[in-house]
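Coordinate analysis (summary)
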Amino acid sequence: MRRWRRADPWTTRRQVVAGVAILYGSLALLVLSVGMVGALVAGRLAVDQAGSMGVAVAVIVGVLLVAVRFHLVGIYHGERGLLIRYMLRSRLLPWREVTGFYPGPTVLSGPGLEGRQWTLCVLTRDGAVETPVESRGPVLMRQLQSLTGPALPAAEFDLVVRRLREAHAAAQAGGGVVVR
């Protein structure tokens, strides 16, 4: 089975932002596409003039793809290991390479913010891997977090670390298979 379970909770804010972007983007794409096809069929729009509308369709599709990807950013666990989804890429870490988890200081910290912002790090045989899951920090950092991944309250952040440690222990005990 290839089912991935999300370790970090989908916050309401992330669901609303991504959902609204996907909804409005889909509606805009539908209206623009129907209008363009209708104008082409009726002869009010020449094929060579449709290029600018094609660019608009491509931009809307791009926005939709970014909104969907934004919604998927986070850390997932399954029988194969950990799947870490960043905004632009994903990374699969097999359970045999994972050695632990810990909260590490966020790289984006500025002067006076050191130690007030944490990111979930995965320890592997080759070193630490920073994930997009972070604890909620000062207001300045919250604005930057909206671009990087989920920013969780301390209790939820601790819950994610606990879930991942349990999944790792189950995988180690079961020979790589997470039993739930």
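In the block above lies the structure referred to throughout.
First things first, this report covers the structure right here in the doc. In this text the structure is predicted, and so the values were computed from the model without any measurement. (Residues numbered from 1 in each chain as written. Predicted model: local features only at pLDDT ≥ 70, side-chain atom pairs only at ≥ 80, totals over all residues. Heavy atoms only, no water.)

**Some words on the pairing of strand E3 (residues 81-85)**
Every regular strand shows the same layout, with side chains that alternate between the two sheet faces. When you tally the buried positions in E3, you get four out of five residues, the bulk of the element. Here strand E2 (residues 74-78) pairs with E3 via five bridges, running antiparallel. Across the sheet, residue tyrosine 76 finds its bridge partner in E3, namely leucine 83. From the end of E2 to the start of E3, which pair antiparallel, there are two residues. Two elements, E3 and strand E4 (residues 90-94), share five bridges in a ladder whose sense is antiparallel. Bridge pairing links isoleucine 84 to arginine 91 in E4. Linking two consecutive strands that pair antiparallel, namely E3 and E4, is a turn of four residues. (Buried < 20%, exposed > 50% of the residue type's maximum accessible area, 1.4 Å probe, protein only. Helix = DSSP H or I, 4+ residues; strand = E, 2+ residues; numbered from the N terminus. Pairing = 2+ DSSP bridges.)

**Considering the sheet that holds E4**
Here four strands make up an open sheet; going across it, the order is E1-E2-E3-E4 and the pairing antiparallel. Because the sheet does not close on itself, it has two edges, and the strands there are strand E1 (5-6) and E4. Those strands touched by helix H4 (residues 154-173) are E1, E2 and E3, and its axis lies near 25 degrees from that of E2. (Contact = heavy atoms within 4.5 Å. Axes fitted to C-alpha atoms, helices over the stretch in contact; angles between N-to-C directions.)

**Topic: H4**
Taking 1.5 Å as the rise per residue, H4 with 20 residues should run 28 Å; its terminal C-alpha atoms sit 29 Å apart, in good agreement. For H4, the set of buried residues is Phe157, Val160, Val161, Leu164, Ala167, His168 and Ala171. End-on, the buried residues of H4 take up no more than an arc of 130 degrees, which puts them together on one face. Residues of H4 that are exposed and point more than 90 degrees away from the buried face comprise Ala154, Ala155 and Ala173. Looking at the buried residues of H4, the elements they touch are E2, E3, strand E5 (98-105), strand E6 (118-124), strand E7 (127-135) and strand E8 (151-152). (Expected span 1.5 Å × (residues − 1). Arc of directions from axis to C-beta.)

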